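So you can see what is in the structure, the chains are spelled out below.
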Number of protein chains: 2
Amino acid sequence: MSGHALVVGAGLAGSLTAVYLARRGYPVRVLERRGDPRAPGVREEGRSINLGLSQRGIVALREVGLLERLAPVTVPMRGRVVHLPDGLRFQPYGLAEDQILHSVLRHDLNVALVDEAERLGVEFCWGHRVTAVDRAKPAVTAIGPDGEEVHTADLVVGADGAFSAVRAHLGRGLRVDLHQEFLEWGYKELLIPVGDDGRPRTELRALHVWPGDDGLIVAHPNADGSLTATVFLPFAGDNGFAGLTEPAKVREFFARRFPDTLTLIPDVVEQFLDHEAASLVTVRTSPWHTATEDGRGVVLIGDAAHAVYPFFGQGMNAAFEDCSVLDRCLGERPHDLPRALAAFEAARRPHTDVLAELSKRNFVELRDKLRSPLFLVRKKADLALHRLFPDAWVPLYTLIAHTTVPYGEALDRARRQDRLLGGAAAALTGAALAGLIRRTRGRRRAS
Amino acid sequence: MSGHALVVGAGLAGSLTAVYLARRGYPVRVLERRGDPRAPGVREEGRSINLGLSQRGIVALREVGLLERLAPVTVPMRGRVVHLPDGLRFQPYGLAEDQILHSVLRHDLNVALVDEAERLGVEFCWGHRVTAVDRAKPAVTAIGPDGEEVHTADLVVGADGAFSAVRAHLGRGLRVDLHQEFLEWGYKELLIPVGDDGRPRTELRALHVWPGDDGLIVAHPNADGSLTATVFLPFAGDNGFAGLTEPAKVREFFARRFPDTLTLIPDVVEQFLDHEAASLVTVRTSPWHTATEDGRGVVLIGDAAHAVYPFFGQGMNAAFEDCSVLDRCLGERPHDLPRALAAFEAARRPHTDVLAELSKRNFVELRDKLRSPLFLVRKKADLALHRLFPDAWVPLYTLIAHTTVPYGEALDRARRQDRLLGGAAAALTGAALAGLIRRTRGRRRAS
Ligand SMILES: Cc1cc2nc3c(=O)[nH]c(=O)nc-3n(C[C@H](O)[C@H](O)[C@H](O)COP(=O)(O)OP(=O)(O)OC[C@H]3O[C@@H](n4cnc5c(N)ncnc54)[C@H](O)[C@@H]3O)c2cc1C
Ligand SMILES: Cc1cc2nc3c(=O)[nH]c(=O)nc-3n(C[C@H](O)[C@H](O)[C@H](O)COP(=O)(O)OP(=O)(O)OC[C@H]3O[C@@H](n4cnc5c(N)ncnc54)[C@H](O)[C@@H]3O)c2cc1C
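Residues numbered from 1 in each chain as written. Chains lettered and ligands numbered in written order. Predicted model: local features only at pLDDT ≥ 70, side-chain atom pairs only at ≥ 80, totals over all residues. Heavy atoms only, no water.

In the nomenclature of an unreviewed UniProt entry, chain A corresponds to NAD(P)/FAD-dependent oxidoreductase from the organism Saccharothrix xinjiangensis. Its UniProt record, at the heading Cofactor (unreviewed entry), says of chain A: "FAD". (UniProt positions renumbered as here; feature names shortened; annotations may be inferred.)

A.B. asks: How do you make sense of the sheet that holds strand E3 (residues 50-53) of chain B when you look at a structure like this?
C.D. replies: Whether parallel or antiparallel, the strands of a sheet pair through hydrogen bonds between backbone atoms. Residues and elements named next belong to chain B. Within the open sheet, the 3 strands sit side by side as E3-E7-E4. Their pairing is antiparallel. On the outer flanks of this sheet lie E3 and strand E4 (74-77), each paired with one strand and no other. Strand-to-strand twist in this sheet, taken as the mean axis angle between neighbours without regard to direction, amounts to 30°. Here 4 bridges tie E4 to strand E7 (residues 101-105), and the two strands are oriented antiparallel to one another. Opposite Thr74, over in E7, you have Val104 as the bridge partner. (Pairing = 2+ DSSP bridges. Helix = DSSP H or I, 4+ residues; strand = E, 2+ residues; numbered from the N terminus. Axes fitted to C-alpha atoms, helices over the stretch in contact; angles between N-to-C directions.)

A.B. asks: When you look at the pattern of salt bridges in this model, what are you seeing that I'm missing?
C.D. replies: A side chain of one charge can pair with a side chain of the opposite charge when the charged atoms of the two come close. Residue and element names in this part refer to chain A. Overall, the coordinates contain 50 salt bridges over all chains when judged by the stated rule. Among the ionic pairs, Arg38 bridges to Asp115, the shortest N-O distance being 3.0 Å. Residue Arg38 is located in the loop between strand E2 (28-31) and helix H2 (42-45), and its partner Asp115 is located in helix H5 (residues 106-119); the two are separated by 77 residues in the primary sequence. The class for Asp115 is partly exposed, based on a relative accessible area of 37%. Here Asp86 and Arg89 are joined by a salt bridge, their closest N and O atoms 3.2 Å apart. Overall, Arg89 belongs to the partly exposed group, its relative accessible area being 36%. (Salt bridge = Lys/Arg side-chain N within 4 Å of Asp/Glu carboxyl O. Buried < 20%, exposed > 50% of the residue type's maximum accessible area, 1.4 Å probe, protein only.)

A.B. asks: What should I look at first to understand unusual backbone geometry in this one?
C.D. replies: Excluding glycine, most residues fall at negative phi; most peptide bonds, likewise, are trans. Cis geometry is found at the peptide bond from A:Ser286 to A:Pro287, where omega equals 0°. Position of A:Pro287 relative to the elements: it lies in the loop between strand E17 (278-286) and strand E18 (289-291).

A.B. asks: I tried to follow the site of ligand 2 on my own but got confused; where do I start?
C.D. replies: Residue and element names in this part refer to chain B. Close to ligand 2 lie 28 residues, the nearest being Glu32, Arg34, Gly52, Arg106 and Asp303. In this structure, Gly313 approaches ligand 2 through a main-chain N or O atom, which is 3.1 Å from a nitrogen atom. Asn317 is positioned with one of its side-chain polar atoms (N or O) 2.9 Å from an oxygen atom of ligand 2. Protein burial of ligand 2: of its 1,000 Å² of free accessible surface, 89% is covered by the chains. (Near = heavy atom within 4 Å. Polar contact = N/O pair within 3.5 Å; in protein donor to acceptor, adjacent residues only side chain to side chain. Areas by Shrake-Rupley, 256 points an atom, 1.4 Å probe, with all protein chains shown as cover.)

A.B. asks: Would you mind showing me how to read the sheet that holds strand E19 (residues 297-300) of chain B here?
C.D. replies: All names here are of chain B. An order of E8-E2-E1-E12-E19-E18 is seen for the 6 strands of this open sheet, with the pairing classed as mixed. Of all strands in the sheet, those bounded by a partner on one side alone are strand E8 (123-125) and strand E18 (289-291). Strand after strand, the sheet turns through a mean of 15° between neighbouring axes, direction not considered.

A.B. asks: Would you mind going over the side chain of A:Glu189 with me for this structure?
C.D. replies: All names here are of chain A. Turning to its location among the elements, Glu189 is positioned in strand E13 (residues 177-192). Under the relative-accessibility criterion, Glu189 is labelled buried at 12%. Once residues lying within four places of it in the same chain are set aside, the contact partners of Glu189 are Ile49, Thr228, Ala229, Thr230, Gln271 and His275. (Contact = heavy atoms within 4.5 Å.)

A.B. asks: Explanation requested: the relation of the copies chain A and chain B in the structure shown.
C.D. replies: Both copies of the chain are placed relative to one another by a rotation about an axis and a shift along it. For these two chains of identical sequence, chain A goes onto chain B by a turn of 180° and a shift of 0.1 Å along the axis, with RMSD 0.0 Å. In the structure described here, the two chain copies are related by an operation that fits a two-fold rotation axis. For chain A, the residue whose C-alpha comes nearest the rotation axis is A:His179, separated from it by 2.2 Å. Residue by residue, 100% of the interface of chain A is reproduced at the interface of chain B, so both copies engage with the same surface. (Least-squares fit on C-alpha atoms with pLDDT ≥ 70 in both.)

A.B. asks: Looking at this structure, I do not really get the packing of aromatic side chains. What am I missing?
C.D. replies: Applying the stated criterion across every chain yields a total of 30 aromatic pairs over all chains. Residues A:Phe232 and A:Phe311 carry aromatic rings whose centres are separated by 4.9 Å and whose planes lie at 55° to one another, so their mutual orientation is tilted. Taken together, the residues span a long stretch of sequence, with A:Phe232 in strand E16 (residues 227-234) and A:Phe311 in the loop between strand E20 (306-307) and helix H10 (315-332) at a distance of 79 residues. We classify A:Phe311 as buried; its relative accessible area is 6%. Ring centres of A:Phe241 and A:Phe272 lie 5.9 Å apart, and the angle between their planes is 20°; on these two criteria the pair is classed as stacked. One end of the pair, A:Phe241, is in the loop between E16 and helix H7 (247-257); the other, A:Phe272, is in helix H9 (residues 268-274), with 31 residues separating them in the sequence. Summarising the burial analysis for this pair, A:Phe241 and A:Phe272 share the class buried. In textbook terms, an aromatic cluster arises when at least three aromatic residues are bridged by ring pairs, as seen for A:Trp185, A:Tyr187, A:Phe232, A:Tyr309, A:Phe311 and A:Phe363. Looking at A:Arg175, its charged tip hangs above the ring of B:Phe235, at a distance of 3.5 Å from the centre. Of note, B:Arg56 hangs over the ring of B:Tyr407, and the distance from its end group to the ring centre comes to 4.1 Å. (Phe/Tyr/Trp six-rings, centres within 6.5 Å; stacked < 30°, edge-to-face > 60°. Lys NZ or Arg CZ within 6 Å of the ring centre and 35° of its normal.)

A.B. asks: Help me understand the interface of chain A and chain B, please; the structure alone is not making it clear to me.
C.D. replies: Interface size is commonly expressed as the accessible area that is lost once the parts come together. Taken together, the contact pairs 13 residues of chain A with 13 residues of chain B. Taking both sides of the interface into account, the surface hidden between chain A and chain B amounts to around 1,200 Å²; carbon and sulfur atoms contribute 50%. Among the residues chain A hides against chain B, the three largest losses belong to A:Arg175, A:Gln180 and A:Phe182. Together they make up 46% of the total. In this assembly, chain A and chain B are joined by 0 salt bridges. On inspection of chain A and its partner chain B, the count reaches 7 residue pairs in polar contact (both at pLDDT 80 or more). Sorting elements by how many residues they give to the side of chain A that touches chain B places E13(A) first, with 8 residues. In terms of residue class, the side of chain A that touches chain B is built from 6 nonpolar, 3 polar and 4 charged. (Buried area = accessible area lost by both parts, 1.4 Å probe. Nonpolar A, V, L, I, M, F, W, Y, C, P; charged D, E, K, R; others polar.)

A.B. asks: What is the right way to read the site of ligand 1 from this model?
C.D. replies: All names here are of chain A. Around ligand 1, the structure places 29 residues, and the nearest of them are Glu32, Arg34, Gly52, Arg106 and Asp303. Gly315 places a polar main-chain atom, nitrogen or oxygen, 3.3 Å from a nitrogen atom of ligand 1. When ligand 1 sits alone it has 1,000 Å² of accessible area, and the protein chains cover 89% of it. Those elements that place two or more of their residues in the shell around ligand 1 are helix H1 (12-23), strand E3 (50-53), strand E9 (129-134) and H10. Sort the elements by how many residues they give to the shell around ligand 1 and H10 lands first, with 3 residues. By residue class, the composition of the shell around ligand 1 is 11 nonpolar, 11 polar and 7 charged.

Below, the structure written as structure tokens:
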């Protein structure tokens, strides 16, 4: 393996891909806008933002030998607890022992990845903001503590998130498709602290959901017994972030819509008013890579290539899967970087495009459907069939979260199952109707 | 009317909106990257690019009193001539005398608009490239012949085309939706010169179309008897721009696909190889405007707000309609710029979003359907019904090109008609089937 690699962004995708590249023998440098996350105080300063790690992310972390090391800082989630006005419902994730998700602090995960990358010789340049990329060399311009620097490399990986500077420069003058869409809803994070008795205030080993068409909450557990709740609300309107600016209104809103949060989060009003609302974006783009005639190239991974709404909990998992697939493609064509990057894009983009759609749909599901009896019945039938035919029948959520079946194939399979379910329902209705007709005729004859 | 207006871009939308604003009493300054189009030699230098002016554009130009002045430089087009392997077909545009399009050189139209704007006191700053916009003031930074300048204004209009710098800066840090998509096909312009006898080489008062699923040509007439043809081809492949780089291949391609062009354009091969292929982009975005608390604002119009594929010939027409609608909104709320801009965006964006879709569809129609007998029959039925019920039944093309019915309403109406046409076809088929069954039964009885 020859050539130097330059990674832009030391977030989740950037630091994991640095690990993969270093393992493959590349000398790797990473340019990151922020400071070193391991500096004293950073962990405490940052809010406790956590993420659900599912099968795709697990597989990648296992591949680079990091999964075990993370165990102490993760909390397994065996299903979801749905908070409804009349009480709680528990929905297990799946049948098998390993059909669980892991909740982990973004910060802890990031530090573990950076530590491992450094151990493998990766050089991190903290406080370096990338301002331009020249895909023809390729060369990257960054502003660091000592002013502007230009870094050249054989492979530049843009892992600089949803508002990627690498993406913006990669496309200059090219026919680049870009779809960027913001949700009319945003989010704020709230901490559900450990109880006064030192124990979790609610079931810890689960994901919690408060569904609702005018606001919803999702909460993940933390290793210290607290949980991090994310409140999703419309930006506009009296019951949106724009309207909820007075303590009395906020209290009234939570009391009416999410009554149990008042006991779970004693200072819910203060936290809500104290935190900024953040926005949610979907980004699809193409191409993801460019190459020079002499075999160098630039490629996007993670949110830089495909930002999705967080309602399927797959953004990081898809980013980690990117890293794994890119590594495989580089391994399969060790002396042909342009074709390796093309193979990577061809293998991934159709599937992350599907993920973007699924993530939008899951917003609607969380918002509108989780409270619909019909939907829940269908969901139950889906799970029951899975229990009867564990291999032949797998619900979409299970395929996405608990397998590594490519997203597009998962969707195709779920569609086929849906048609069968619809067909079965029709057949049942048909049979019932036939029975009815027979009974009516019987009665007629009898009369 | 108070306040200063600053227009970015002196293209078609920019110069027309400068005319409207000046008529409304605004002091207007226009910043344009290029030099003065009236400078000696510019007309001859530029290629003869022409456009089809239809009803929406006509209405706007009439509103500012420019239509008559343009008559000498336009050529009326009464229908389209379709070039098929077995000869030509003429399809008239409509029934009424005024259902015609006008072909005009972009350059001549632009000069007429700039002349009129200057007459009304508009100040043009040529050679000024806008590099940044601060929407909070608003202020515009431009690089002119004497270096960087900052211009402030009460109203900034971004009329700087499909790759608008104003649009890019308007959205910084806002939740801006942006959809940018390139067609896999591009285009080159070719001149069909006047014949050796000094007369046009083909019917002048029509739009010419060579349909085809692997390449198509559209040609508009010029006032001097020549026509400008635009060849649309895929970028990729042996029969795309990438493959057609050798004279022999180009000649063979035109001879096979568009045989009559070899006589219409004697130097077709030279022209084709000499010109650069340009790309085609669709851009949808939102919001189109921002406003400050003290009543200033920035707004996008024309291609900066909505670039569409040129296959419905509506880009400029929609841009001119924008200018007219913006003027009306400013007139209706003379002392409330923020609400005037909001009203403009609300009135226009849904309709130009529809236009973007229609323009994509028309690409498919020109490419695939114009040669399909079934499609042509349906098209004929559409026109026949229009002839029978001129007011009640109006084909989509007629609604778009020959009326000012908003694009969205035009589409809704065409959809209703389509359903009726489908229903009628189904009814006819049903009747035919019934007849068949009756006949079969009759025969059975007879046998
Ligand atoms: C509310 C919410 C909940 C989520 N929950 C989940 C979940 O449960 N499960 C899941 O899988 N995913 C989840 N996600 C998605 C997940 O957070 C992202 O997909 C993931 O962080 C993407 O990683 P990344 O490395 O591509 O981008 P990022 O994590 O955004 O990292 C980008 C890095 O690049 C740096 N950078 C940016 N610009 C520059 C520049 N110009 N120069 C240098 N450096 C730069 C940034 O500082 C950052 O460190 C959630 C997202 C949100 C918003
Ligand atoms: C092949 C083709 C055929 C077409 N045919 C038709 C047709 O038949 N009928 C029709 O209605 N439409 C047609 N169109 C569409 C039409 O050309 C556009 O919709 C129209 O030109 C848009 O006008 P505009 O003023 O918004 O943008 P433009 O005409 O692109 O003008 C933008 C102006 O802004 C200037 N500018 C750009 N950036 C800056 C900057 N940073 N600072 C200062 N100035 C700047 C540019 O120099 C330019 O003068 C066609 C388009 C194409 C590509």
